[in-house]
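Summary of structural features
If you want the building blocks of each chain, they are given just below.
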Amino acid sequence: MQYRRLGRSGLQVSELSLGSWVTYHNQVDTAAARELLAAAKGAGMNFFDNAEAYAKGMSEVVMGDALRALEWPRLSYIVSTKFYWGLDRDAQPVNHRDTLNRKYLMQAIDGSLRRMGLDFIDLVYCHRPDPNTPIEETVWAMSDMIRQGKALYWGTSEWSAADIRAAWDIAERHHLHKPVMEQPQYNLFHRRRVEQEYARLYDDIGLGLTTWSPLAGGLVSGKYRGGVPPDSRGALGGIGAFVKDLTDAAKNAAVAQLEPIAAELGCTLPQLAIAWAARNPRVSTVITGASRRAQLEENLGAVALIARLTPTLVQQIEAVTAPLAG
Ligand SMILES: NC(=O)c1ccc[n+]([C@@H]2O[C@H](COP(=O)([O-])OP(=O)(O)OC[C@H]3O[C@@H](n4cnc5c(N)ncnc54)[C@H](OP(=O)(O)O)[C@@H]3O)[C@@H](O)[C@H]2O)c1
C-alpha cells in the first residue's frame, strides 16, 4: 500500500481506503465491522470513511464501537464524517436538515463525536452544497470546528468547482482553515467532475480527492449482468433509485467488454476498476466499499495493479466505457 498526501496538506492517506455507506448497520454489524477494519488496516489502509446520515447515525455508532474494541492507537488511523442531511429529519422541519448553517454544523459535530466515542474526527465534510446558506457562514463554522479541536481538516463533497473555489477564497481572505479535500464520485462511468470540472483546482488551491464508488455501487464487478443477486446492495430496500443504474443494460454490456482486458492482466473486474481510479495522480485515496471480507480482500488486489496500468491499457479500458460515462 502506498500513501499519498491529502492534497496540499501534510496528512498522508492510504491510496485505497474503506467506507461504511449502505454496509454498516444494514449489512455489517459491529463484529463484522471490526473484522473488516482489522483486515483493511492489516493491509495498510489508514482511512475509514463515514457520515452522519449513513444508517441515520448508526454507521457512526458501529464504527465507534468497532474502533473501541480494536484499541488501535489514535495516531494510526484517520476517520471522517460528513454533515448536510441531518438526523431526525421529520422532527426538525427547518434548520437541521439539508443545510450547512452554523447552528446545525456546530451541533452536528458534537453528535458525531458522541456516536463515535472520539475526542476529534480527522476529516469532516460538507456532504452536499447548500444554496440557501451563505458559503461564508459555512466556511466560518467548519473553520471553527477545527479551531475548537473537534476536527482536523475539512472539505466538501459533490460541490461545484466554483463553490469550492469561493470557499477557499473566503478562508484565505479571513485567515480561516481552508477546505483541503473534496469527495466526489469517480468511476469508469462517472468521470467529468474529477477529470474536467476540478482540473484547475488541483494546482491552484492544492485540492485533494477522496473519491467514492469505484465500482459504481457494484455495477463494475459484473455481478448485475444476470439481474440483481439476492445478497447484493441492489436487493436491499431503500436505495431503489440506485437499482436502475446497477441493472442498466448498456452499462452491463460495457462491463462485459472489460472482461478480456481483466483476463489479460490476470485480475478481476473490481480490481481493474479500483486500480483505474487509483492510477489518477489527482486522487489522494479511492474509498472502496465491502459488505464482506472476501470482497475487501479481492479489492485489495488492486494495489499491485495500479503501477501496471500503462497509458495504453488505460486508453483501452476507457474506450469501452467512455461512450456511457458522464
Ligand atoms: N460523499 C458521498 O456522497 C458518498 C456517496 C457514496 C459513497 N461514499 C463513500 O464511498 C464509499 C464507497 O462507496 P461504495 O460503497 O458505493 O463503493 P463501490 O466500490 O462502488 O461499491 C461497493 C459495494 O459493491 C459491492 N462489492 C464490493 N466489492 C465487490 C467485489 N469484489 N465483488 C462484488 N461486489 C463487490 C458491495 O456491495 P454488495 O455486496 O452489497 O453488493 C460493496 O458494498 C462508501 O462506503 C462511502 O464511505 C460517499
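Residues numbered from 1 in each chain as written. Predicted model: local features only at pLDDT ≥ 70, side-chain atom pairs only at ≥ 80, totals over all residues.

Topic: the packing of helix H1 (residues 30-42) against helix H2 (residues 58-70)
For the pair H1 and H2, interaxial distance at closest approach is 9 Å and the crossing angle is 60°. The pairing of H1 with H2 is recorded here as oblique in orientation. Between H1 and H2 lies a crossing of right-handed hand. Here Thr30, Ala33, Arg34, Leu37 and Ala38 of H1 come into contact with H2, specifically with Val62, Met63, Asp65, Ala66, Ala69 and Leu70. Per-class residue counts for the contact of H1 with H2 are eight nonpolar, one polar and two charged. (Axes fitted to C-alpha atoms, helices over the stretch in contact; angles between N-to-C directions. Helix = DSSP H or I, 4+ residues; strand = E, 2+ residues; numbered from the N terminus. Parallel < 35°, antiparallel > 145°, perpendicular 65-115°, else oblique. Left-handed = near helix turned anticlockwise from the far one by under 90°. Contact = placed C-beta atoms within 7 Å. Nonpolar A, V, L, I, M, F, W, Y, C, P; charged D, E, K, R; others polar.)

Details of the site of the ligand
As a structural note, the neighbourhood of the ligand is formed by 30 residues, with Gly19, Trp212, Gly218, Arg233 and Gly289 the closest of them. Secondary-structure elements contributing two or more residues to the shell around the ligand are strand S10 (285-288) and helix H11 (293-300). No other element matches the three residues that H11 contributes to the shell around the ligand. Counted by class, the shell around the ligand contains nine nonpolar, 16 polar and five charged residues. (Near = placed C-beta within 6 Å.)

Looking at the nonpolar core
Counting 94 residues, the largest nonpolar core has Met63, Leu105, Val124 and Ala273 as the members making the most contacts within it. It is helix H10 (residues 269-278) that contributes the most residues to this core, eight residues altogether. For Val124, the contacting residues outside a window of four places in its chain are Ser80, Thr81, Phe83, Ile109, Met142, Met145, Ala151 and Trp154. (Core = buried A, V, L, I, M, F, W, Y, C linked by C-beta atoms within 7 Å. Buried ≥ 20, exposed ≤ 12 C-beta atoms within 10 Å, placed from the backbone.)

Brief notes about the sheet that holds strand S4 (residues 47-49)
With parallel pairing, eight strands are arranged side by side around a closed barrel as S3-S4-S5-S6-S7-S8-S9-S10. Between one strand and the next, the sheet's axes are offset by a mean angle of 30°, whatever the strand orientation. Helix-sheet contacts for helix H4 (residues 135-147) involve strand S6 (121-126) and strand S7 (151-156), and the interaxial angle to S7 is about 155°. (Pairing = 2+ DSSP bridges.)

Observations regarding the environment of Thr156
Looking at the secondary structure, you find Thr156 in strand S7. Along the sequence, Thr156 and Ala167 sit 11 residues apart, while their C-alpha atoms lie 9.6 Å from each other. If we skip the residues at most four places from it in the chain, Thr156 touches Tyr125, Cys126, Ile164, Ala167, Pro179 and Glu182.

Considerations on the environment of His177
By secondary structure assignment, the location of His177 is in the loop between helix H5 (161-174) and strand S8 (179-182). In this structure His177 comes out as partly exposed when scored by C-beta crowding, with 18 C-beta atoms within 10 Å. Placed 33 residues apart in sequence, His177 and Asp144 show a C-alpha to C-alpha distance of 8.2 Å. The residues contacting His177, other than those within four sequence positions of it, are Ser143, Ile146, Trp154 and Ala171.

Overview of the packing of helix H9 (residues 249-265) against helix H12 (residues 311-321)
Contact pair H9 / H12: the axes reach a minimum separation of 9 Å and the direction vectors enclose 160°. Classified by the angle between their axes, H9 and H12 sit roughly antiparallel to one another. When you trace H9 past H12, the crossing you get is right-handed. For the pair formed by H9 and H12, the contact residues are Ala254, Gln257, Leu258 and Ile261 on the first element and Gln316, Ile317, Val320 and Thr321 on the second.

Description of H9
Here H9 is 17 residues long and its end C-alpha atoms lie 25 Å apart, about the 24 Å a rise of 1.5 Å per residue gives. When the local axis directions of H9 are compared, the greatest deviation, roughly 25°, occurs at Leu258, which is followed within four positions by the proline Pro260. For H9, every residue scored as buried is listed here: Lys251, Ala254, Val255 and Leu258. Elements that come into contact with the buried residues of H9 comprise H10 and H12. Directly beyond the C-terminal end of H9, a positive phi value near 70° is found at Gly266. (Expected span 1.5 Å × (residues − 1). Bend = angle between axes of the 7 residues up to and from the residue.)

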